[in-house]
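# Descriptive analysis of the structure
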Amino acid sequence: MSGIDGWNWDAGERRVVELGVLSSFEQVHEFAVSPDGEKLAVPVVEEPGQVRVWQNGELWSEAVERAWSLRFLPDGRLVALVRVDDSWTVAVDGQRWEDEFEFAWNLKFSANGRSLAVQVKRGMKYGLVIDGRDWGAEFISMRDFALSPDGKRAAALVQVEQLAEADIFKFAEGVWSVAVDGQPWERRFINVYSPVFSPDGQHVAAEVRLDMFEYSIAEDGRPWDAVFGTSWAPCYRSNGKGIIAPVRTPEGWALVENGKPVWQGRYSQMWHQRLAPDGQRLAAVVSTAYGRWTVAVDDRPWPRTFSDVVLAPRFSPDGGRVVALARDQGSWLVVVNGQPWPGRFDMAWEPEFSPDGRHLAAKVERDGKFQVVIDGHPLPRSFDMLWSPRFSPQGDKLLVRAVEEGVYKRLVLGLEQLARA
Amino acid sequence: MADIEDARVEDAGIDQAVDKLEPARIEAVIRRVLGAGCGARLKVYLQTCVHCGLCADACHTYLSRDRDPDFAPVAKVKETIWEMVKRQGRVSPEFIKKCARIAYTECGACRRCSMYCPFGIDIAYLIMLVRRICALLGVVPVYLQDTVNSHAATSNQMWVQPDDWIDTLIWQEEDAADELEGVRIPLDREGADIMYSVIAPEPKILAQLIANMAVIMKVAGVDWTMPSLDGWDNSNMAMYSGDFEVMGRVERLHWERALQLKVKRVVMGECGHAYRGAVYDGPKWLGWSKPPIPMVHAVEFYYELLREGRIKIARKIKEPVTVQDPCNIVRGRGLHHKLRYIINELCEDFRDVSPRFEHNYCCAAGGGVINCGPPWKLSRLKSNRVKAEQLAATDAHLVVTPCHNCHSGIEDIIGYYGLGMHVTFINELLVKCMDRGDGSGEVER
Ligand code: SF4
Ligand code: SF4
């Protein structure tokens, strides 16, 4: 399938598939919808131990014992983790990978969807497989991993040496490291967390625990000179030169770049720092006082704070606006540049900007029904199920993927028309 | 006089670390901790105490050890933090060793004593300060430290491998489906109403409890999910070792997972300390004045299901039943009436304990004490004779213990004092008693 330009952007509404037929199955599991909205899929149980993936009324030819983690990749392929004869593997569009594993889990894919990776266990050892190619290296444990932006490389948190039961002394010497393409960093750490690749995929940064109460950030196995009380996940500048992380200092949480303060402010808490598309401006979730949360942009917190939680901020493509979801006094708000949209929601999903940054749309939930909100205005229609809306490349249309009265529908709405209505 | 047997216990986590301690480092750490905002509150506490001893009768260790004054709450403070303040941190490695024994194994931070102090002096807070100092000095009982290491490396407290977790859920789902058709444990179901989280001993050694919950969720028609990735464990022994950095990391991941799954609330299994970690200590350290989305303890959840009629009781337990009030959800949260409502719904012959509710005695296992492991087991059992006497007086056969620490601690006490009782989680009684709507709901009274 070609990219988003190739999707059908003709305004209108189409009934893609009726869901009533699914009642003939013993169980219907979690739905997935393709990015272009053309396909809806779900694992269905025909009888205990016999599961198939149903897509737009068609069944994958092969039945498996289990299928889960079903999702469409950005390029439209449909993947699932499947079990056959007690072995696990990945199935893509109904085709199983040749290799089988004692277990396979934690599917991740590149932004373009072309590359697919999964953690695996074989012979009681832990490894990783990218696009069916085994890393070859095996570890005592592996907790999580990150993919490079092109999806060709992976960096995983691995245990490189066995620990005897309750061996706290060996633990303190360090038995964890980051393995990049299967090769662990030479240096071991007490713990390693949150690996991330540089934009060019050539370097890896991660949080490292140097001593029981000393944390830092390491790049390619070399920690910064600066150490901190603790830290959170680092990120790279788009030029790959700077690594930025929130760290805990005696004065409060600080944002540092390559070990040096990049913001002067100290906060009760700080995490989820995000860079603007220009690679310069920075936004992060901060707590300005105990129990008060907001977003700081370039070290300036929004004046309005929220009581419960604020989720990761996101810059508009032109960098002019920042949006974040906030939960306040028990309900969710969509907050743009510090100002909440009108309306409180039972749940809200990460909003999406139009490519030109002029519009913003989000899926929200109220009283068990789902709605699309565009630029603060809810569309009058509500749905039984809904997936996050997508803008057309020109930003003049909105794709809505929804279930209404037992039918999965694909709607393309013209924004001008909506504005007039 | 401290128990000579306890003083002789060998614990590599304490002994080896103490051997390496330098007085200068001890002093620096104590000054850092006491200087970091806690000095003022601490001095007020210490100056306020009038040595009346009213707190002594509140403590199960004091009562169980023939009123040995060394086990009085005020003595535990006098012997530890008080000396550190008085001597401005100039204390010996041997002194730190004694502090670790007292703070980790002779006080479970149960907070019963502060209810009896006329000034409300928070002994448990002072003991937690001692633990923080010990943790920073690396002097932590070996089994407790190992649990904290597991939290730090795996985000769960029992080194459960990521695939074992998922595999256990799948296997429990299959077992539960054999019992009741259509039962599922939906993994990573984004947008479910509830994320259910448990503590690592459930997948590791008590997996049946997860299957039971799946049956309960099915019967009650709950839209729920469990996460497949780390963050599924809501427990937190780092909170009790004094490693607040690891505590914060663990709690954050648990809440981040719930936020990613877009659930409206988290329901947690029957555990007390995990409630404290997820609702109070964890959020507080992270900057939240409350959890980012509501956390519902299993006791509150079962109460809700029964009150709303989403679960109906088909048969009741006939044998005599009593209860343990877990400190963190009763003294800490006031769930004792809901707990008794549930027990009375499920059991014909409920025999309450005395004292009860927030005045009930601690199980002596909580607060990280049971996690100090085998070296300290005898000490722990000697420290709770009063609990054995209290339970024996009910003549019950079953003790309902809606907390993992209480469950294990009371089971040990039953064995050591030969009470001939059994412990049970509510979850186990509920699956026996409820109407499953599949014809197995004949009322039998
Ligand atoms: S165990 Fe409980 S009652 Fe005893 S000193 Fe500690 S907090 Fe107080
Ligand atoms: S009851 Fe309060 S004032 Fe009395 S000895 Fe205990 S801590 Fe001190």
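Calculation criteria
Numbers given for residues are sequential positions, taken from 1 along each chain in its written order. Whichever chain is written first becomes A and whichever ligand is written first becomes 1, with later ones labelled in order. Predicted model: local features are reported for residues with pLDDT of at least 70 only, side-chain atom pairs are reported and counted for 80 or more only, and whole-chain, interface and lining totals are derived from all residues. With hydrogens and water set aside, each side-chain value is computed from the structure's full complement of heavy atoms. Each helix is a run of H or I in the DSSP string that is no shorter than four residues. Each strand is a run of E no shorter than two, and both are numbered from the N terminus. Computation of the radius of gyration draws on C-alpha atoms, with the globule rule given as 2.2 Å multiplied by the number of residues to the power 0.38. It only takes one pair of heavy atoms within 4.5 Å for two residues to be counted as in contact. Under the convention used here, a 1.4 Å probe and the Shrake-Rupley method define accessible areas, while residue burial counts only the protein chains that appear. Counting rule for charge: Lys and Arg are taken as positive, Asp and Glu as negative, and neither His nor the chain ends is counted. One atom stands in for each charge, and that atom is NZ of Lys, CZ of Arg, CG of Asp or CD of Glu. Within 6.5 Å between ring centres, the rings of Phe, Tyr and Trp (the latter by its six-membered ring) count as paired, and their orientation is classed by plane angle as stacked under 30 degrees, edge-to-face over 60, tilted in between. Residue exposure (1.4 Å probe, protein chains only): buried if accessible area is under 20% of the type maximum, exposed if over 50%, otherwise partly exposed. Here a helix's expected span is defined as the number of its residues, less one, multiplied by 1.5 Å. The quantity known as pLDDT measures the predictor's confidence residue by residue, on a range of 0 to 100. In this analysis, strands are considered paired if DSSP registers two or more bridges between them. Just so you know, the domain bounds were taken from an automatic or database domain assignment. Using a 1.4 Å probe, buried area is obtained as the accessible area two parts lose upon being combined, added over both of them. Proximity criterion: a residue is near a molecule or strand once any of its heavy atoms comes within 4 Å of it. The residue classification treats Ala, Val, Leu, Ile, Met, Phe, Trp, Tyr, Cys and Pro as nonpolar and Asp, Glu, Lys and Arg as charged. All others, Gly included, are polar. Under this definition, polar contacts are N or O atom pairs within 3.5 Å; protein pairs additionally need one hydrogen-donor-capable and one acceptor-capable atom, and for neighbouring residues in sequence, both atoms have to be side-chain atoms. For cavity detection a 1 Å grid was placed over the protein atoms alone, and a set of points counts as a cavity when a 1.4 Å probe fits there but cannot get out; an open set counts as a pocket when protein lies on both sides within 12 Å along at least five of seven lines, with lining residues being those that have an atom within 4 Å of a point. Grid points are joined across faces, edges and corners, and a volume is the space filled by probe spheres set on the points.

## Regarding the overall build of chain A
Check the secondary structure of chain A and you find two helices and 43 strands. Over its C-alpha trace chain A gives a radius of gyration of 23 Å, about what one expects of a compact globule, namely 22 Å for 421 residues. Dimensions of chain A, computed from the C-alpha atoms along their principal axes, are close to 60 × 55 × 35 Å. A sequence separation of at least 24 residues applies to 36% of the contacts in chain A between residues at least 6 apart. Counting every atom, chain A has about 17,100 Å² of accessible surface; 46% of that belongs to carbon and sulfur. Averaged over its 48 positive side-chain charges, chain A has a centre that lies 4 Å from the centre of its 59 negative ones.

## So, the packing of aromatic side chains
The tally for this structure, following the rule as stated, stands at 20 aromatic pairs over all chains. Centroid distance Trp293 of chain A to Trp288 of chain B: 5.5 Å. Interplanar angle 40°. Geometry classified as tilted. Of the two residues, Trp293 of chain A sits in strand E29 (residues 292–297) while Trp288 of chain B sits in the loop between helix H15 (273–286) and strand E4 (295–297), which places them in two different chains. Accessibility assignment for this pair places Trp293 of chain A and Trp288 of chain B in one class, buried. Ring geometry for Tyr196 of chain B versus Trp224 of chain B: centroids 6.2 Å apart, planes at 65°, classification edge-to-face.

## Some points on helix H6 (residues 93–105) of chain B
End to end, H6 of chain B covers 18 Å across 13 residues, agreeing with the expected 18 Å (1.5 Å per residue, within 8%). Along H6 of chain B, the residues classified as buried are Phe95, Ile96, Cys99, Ala100, Arg101, Ile102, Ala103, Tyr104 and Thr105 of chain B.

## Structural notes on the confidence of the model for chain B
The predicted structure's coordinates, where accompanied by low pLDDT, should not be read in detail. Residue and element names in this part refer to chain B. Looking at chain B, pLDDT values average 95 and 97% of them are 70 or higher. Counting interchain partners and residues more than four positions distant, the pLDDT-below-50 stretch residues 441–445 has 12 contacts. Complex prediction metrics read pTM 0.97 and ipTM 0.97.

## Thoughts on the sheet that holds strand E23 (residues 235–236) of chain A
All names here are of chain A. Pairing within the open sheet is antiparallel, and its four strands lie in the order E23-E24-E25-E26. Each end of this open sheet is capped by a strand with a single partner; those strands are E23 and strand E26 (260–261). Here six bridges tie strand E24 (residues 243–249) to strand E25 (residues 252–257), and the two strands are oriented antiparallel to one another. Across the sheet, residue Val247 finds its bridge partner in E25, namely Ala254.

## Examining the domain arrangement of chain B
Residues and elements named next belong to chain B. Domain annotation of chain B identifies domain 1 (4–140), domain 2 (152–305) and domain 3 (312–433). One C-alpha centre belongs to domain 2, the other to domain 3; they are set 22 Å apart. The interface of domain 2 with domain 3 comprises 24 residues on the first partner and 23 residues on the second. Among the residues of domain 2 in contact with domain 3, Glu270, Val299 and Tyr303 are the three that bury the most area, contributing 29% of the side total.

## Section: unusual backbone geometry
Note the cis peptide between Ser354 of chain B and Pro355 of chain B, where omega equals -5°. The residue Pro355 of chain B is located in the loop between helix H18 (336–346) and helix H19 (377–382) in this model. Even without glycine at this site, Glu405 of chain A takes up a positive phi of about 45°. On the secondary structure map, Glu405 of chain A appears in the loop between strand E42 (397–404) and strand E43 (407–414). Phi at Gln88 of chain B takes a positive value of approximately 50°, unusual for a residue other than glycine.

## Remarks on the site of ligand 1
Around ligand 1, the surrounding shell consists of Cys59, His60, Pro73, Lys76, Cys107, Gly108, Ala109, Cys110, Arg111 and Cys113 of chain B. The class makeup of the residues in the shell around ligand 1 is six nonpolar, two polar and two charged.

## Examining the side chain of Ser115 of chain A
Residues and elements named next belong to chain A. Its place among the elements puts Ser115 in the loop between strand E11 (103–109) and strand E12 (116–122). What makes Ser115 buried here is its relative accessible area of 1%. A distance of 3.0 Å separates the side chain of Ser115 from the side chain of Asp131, its partner in a polar contact. Excluding residues within four positions of it along the chain, Ser115 makes contact with Arg77, Lys108, Phe109, Ser110, Ile130, Asp131, Asp150, Gly151 and Lys152.

## Regarding empty space enclosed by the protein
Residues and elements named next belong to chain B. Taken as a whole, this structure holds six cavities of 30 Å³ or more when the rule is applied. Forming the boundary of the largest cavity are 19 residues, of which Cys49, Cys55, Val74, Cys117 and Ile121 lie nearest the centre. Where the lining of the largest cavity is concerned, the elements lending two or more residues are helix H3 (23–48), helix H5 (73–86) and helix H8 (123–136). Residue classes in the lining of the largest cavity are distributed as 17 nonpolar, two polar and no charged. Counted as a void, the second largest cavity has a volume near 130 Å³. Every residue lining the second largest cavity is counted, 17 residues in all, and those nearest its centre are Cys327, Asn328, Cys362, Gly366 and Gly367. For the lining of the second largest cavity, the secondary-structure elements that each account for two or more residues are helix H17 (327–330) and helix H21 (404–416). Its residues placed into classes, the lining of the second largest cavity shows nine nonpolar, eight polar and no charged.

## Observations concerning helix H9 (residues 142–154) of chain B
All names here are of chain B. Between the first and last C-alpha of H9 there are 18 Å, a value that for 13 residues agrees with the 18 Å anticipated at 1.5 Å per step. Among the 13 residues that make up H9, 12 are buried, leaving the element largely enclosed by the rest of the structure. Residues Val142, Leu144, Gln145, Asp146, Thr147, Val148, Asn149, Ser150, His151, Ala152, Ala153 and Thr154 constitute the buried set of H9. At the exit of H9 stands Ser155, carrying a positive phi of roughly 65°.

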